[in-house]
Structures are given as C-alpha cells and as structure tokens.
Amino acid sequence: WSRPRDGAVPRSRLVVLEPRMLSDEALYEALLNGDLRAFDTLYARYERHLFGFIRKHLVDVHEAEDVLHEAFLAILRDRAGARAARSLRAWLFQVARHLCLNRQSSARRATPALEREARSPGETNPGPERALEHQQAQDALRDAVAKLPVELGELYSLRTQGMSYSEMADVLGVPLGTVKSRM
C-alpha cells in the first residue's frame, strides 16, 4: 500500500494497540483519561506478583487480599504520587509495602499473643513423597528467609518478583548503592 503525499496514514491502516501491549505509564495515562480497561489491564498484569509480595508480609489471606485491593485503589486515589514515580510498578509495590507495614504495626498493638498463636498454620495434608519433599524445601526456604533481617527479607521478596535493583531502591526508599550492597 502506498502512503498519501502528506505522510498521513489512512484511517483504515491505523493499528489500535491492545491495552496489554502498552507500557504501564501509557496505561496509567489512559486510565486518567477515563479508560477503565487500562485499570483492568494493570490489575491483570500485577495482581499475582503483588499478591505474592504481600503474602510474604501478611499471614492472613483475607488481610492480604484487602491490602492488594487497597494498593490498586491507590492508583485511582493518589494521582500525584503515581505520576511522580519513575516506575508505576515500583510505586505500586511501595504502596503495598507501606500498607503491609501499617497492618503489621496495628496487629502487634491490637492482637494478644494467644490470638496470634491460634492463627498459626495448621497441619498439612501429607501427599505423595515428591510433593512432600517439595513442600519441605519450600518451608525450609521460607524459614530461612524469615530469619533474615527485615531489610534483606524484603530485598529477597522483591527480587523474586523480578524487580531490578533500581526498582527495589524505589520501593524501599533507599539509595541504589544500598540495595547493591545488601544483595
């Protein structure tokens, strides 16, 4: 096909990009312009990874789901914060981290020791030998990560979510050099 002399692309030849193909920032701009499909795309893009990150901080699944939803609602509420961030992804994880820390702080003040003990995980269903070995390895890794200082545990969690050192520095609010030295 040939392009008109003025360089314009004929309307019939324009390709409309699927929302899932757009960058986070482009989706956020579309959301600000009223395109709710952009929010759905961002939610689908980060729901699983963000929930995994939140679960590393919070034991209770329902509480983790609440924090997940609060973090995504922050995209709609805090337009200035999301716009100022270098990376929407890092900003979203930073919001989730702060929400988790706030919940943990509140829980420590409000929950008696007996209630905390009652919420500890129950017995696991023994399965095939291989599944059991896998579960034991996961438990051992989780225990090892839990024994790390908070700063290192957060770094590990963020790194397993595929974040770059720069994004981890943004989420944690520390210099890039600090992240590199802790890794």
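Above this text is the structure in question.
All figures in this text were calculated on a predicted structure; none of them were measured in a lab.

The next thing to look at is the overall build of the protein chain. Regarding its fold elements, the protein chain presents 10 helices and 0 strands. Burial analysis of the protein chain (183 residues in total) assigns 31% to the buried set. By sequence separation, contacts in the protein chain at least 24 residues apart represent 55% of the contacts at least 6 residues apart. Within the structure as shown, the protein chain displays about 12,400 Å² of accessible surface, and the carbon and sulfur contribution to it stands at 53%.

For the rest of this paragraph, the subject is helix α1 (residues 24-32). What α1 keeps buried is the set Asp24, Leu27, Tyr28, Ala30, Leu31 and Leu32. Gly34 sits one or two positions beyond α1 and adopts a positive phi of about 100°.

Here the focus is the pattern of salt bridges. One pass over the full model with this rule turns up 5 salt bridges. When the shortest N-O distance is used, the salt bridge between Arg45 and Asp24 registers 2.5 Å. Remark: Asp24 occurs in helix α1 and Arg45 occurs in helix α2 (residues 36-57); sequence separation between them is 21 residues. The class for Arg45 is partly exposed, based on a relative accessible area of 25%. Classification of Asp24 as buried rests on a relative accessible area of 10%. Residue Arg103 is joined to Glu63 by a salt bridge in which the shortest nitrogen-to-oxygen separation is 3.8 Å. Pair noted here: Arg103 is in helix α5 (residues 88-110) and Glu63 is in helix α3 (residues 61-77), with a separation of 40 residues, a long-range link. Under the relative-accessibility criterion, Arg103 is labelled partly exposed at 21%.

Its location among the elements puts Val179 in helix α10 (residues 176-182). By relative accessible area, Val179 is classed as buried at 1%. Distance in space between the C-alpha atoms of Val179 and Leu155 is 7.6 Å, their sequence separation being 24 residues. In this view, Val179 contacts Leu155, Tyr165, Met168, Ala169 and Val174; residues no more than four positions away in its chain are not counted.

Counting residues in hydrophobic clusters, the biggest one holds 38 residues, and the most contacted among them are Leu50, Ile54, Phe72, Phe93 and Leu158. Mapped onto this core, the elements with two or more residues apiece are α1, α2, α3, α5, α8 (150-160) and α9 (165-172). With 9 residues, the single largest contributor to this core is α5. Apart from the residues lying within four places of it in its own chain, the contact partners of Leu50 are Leu68, Ala71, Phe72, Leu92, Phe93 and Ala96.

The next point concerns the side chain of Ser87. Mapped onto the elements, Ser87 comes out in the loop between α4 (79-84) and α5. At 3.4 Å, the side chain of Ser87 forms a polar contact with the side chain of Glu167. Residue contacts for Ser87: discarding those within four places in its chain leaves Glu25 and Glu167.

Here we come to the packing of aromatic side chains. Throughout the structure, instances matching the rule amount to 4 aromatic pairs. Look at Phe39 and Phe72: their rings are 6.2 Å apart centre to centre, the planes differ by 80°, and that puts the pair in the edge-to-face class. Taken together, the positions of Phe39 in helix α2 and Phe72 in helix α3 put the pair 33 residues apart, joining distant regions of the chain. The residues Phe39 and Phe72 share a single accessibility class, namely buried. With a relative accessible area of 1%, Phe72 lands in the buried category.

Pairs of packed helices are described in terms of their axes, by the angle between the two and the distance that separates them. Where α8 meets α9, the axes come as close as 10 Å, and the angle between the chain directions of the two elements is 130°. Our classification of the angle between α8 and α9 gives oblique. As for how α8 packs across α9, the hand of that crossing is right-handed. Here Glu154, Leu155, Leu158 and Arg159 of α8 come into contact with α9, specifically with Tyr165, Met168, Val171 and Leu172. Broken down by class, the residue content of the contact of α8 with α9 amounts to 6 nonpolar, no polar and 2 charged.

So, how was this worked out
Residues numbered from 1 in each chain as written. Predicted model: local features only at pLDDT ≥ 70, side-chain atom pairs only at ≥ 80, totals over all residues. Heavy atoms only, no water. Helix = DSSP H or I, 4+ residues; strand = E, 2+ residues; numbered from the N terminus. Buried < 20%, exposed > 50% of the residue type's maximum accessible area, 1.4 Å probe, protein only. Contact = heavy atoms within 4.5 Å. Areas by Shrake-Rupley, 256 points an atom, 1.4 Å probe, with all protein chains shown as cover. Salt bridge = Lys/Arg side-chain N within 4 Å of Asp/Glu carboxyl O. Core = buried A, V, L, I, M, F, W, Y, C linked by side-chain atoms within 4.5 Å. Polar contact = N/O pair within 3.5 Å; in protein donor to acceptor, adjacent residues only side chain to side chain. Phe/Tyr/Trp six-rings, centres within 6.5 Å; stacked < 30°, edge-to-face > 60°. Axes fitted to C-alpha atoms, helices over the stretch in contact; angles between N-to-C directions. Parallel < 35°, antiparallel > 145°, perpendicular 65-115°, else oblique. Left-handed = near helix turned anticlockwise from the far one by under 90°. Nonpolar A, V, L, I, M, F, W, Y, C, P; charged D, E, K, R; others polar.

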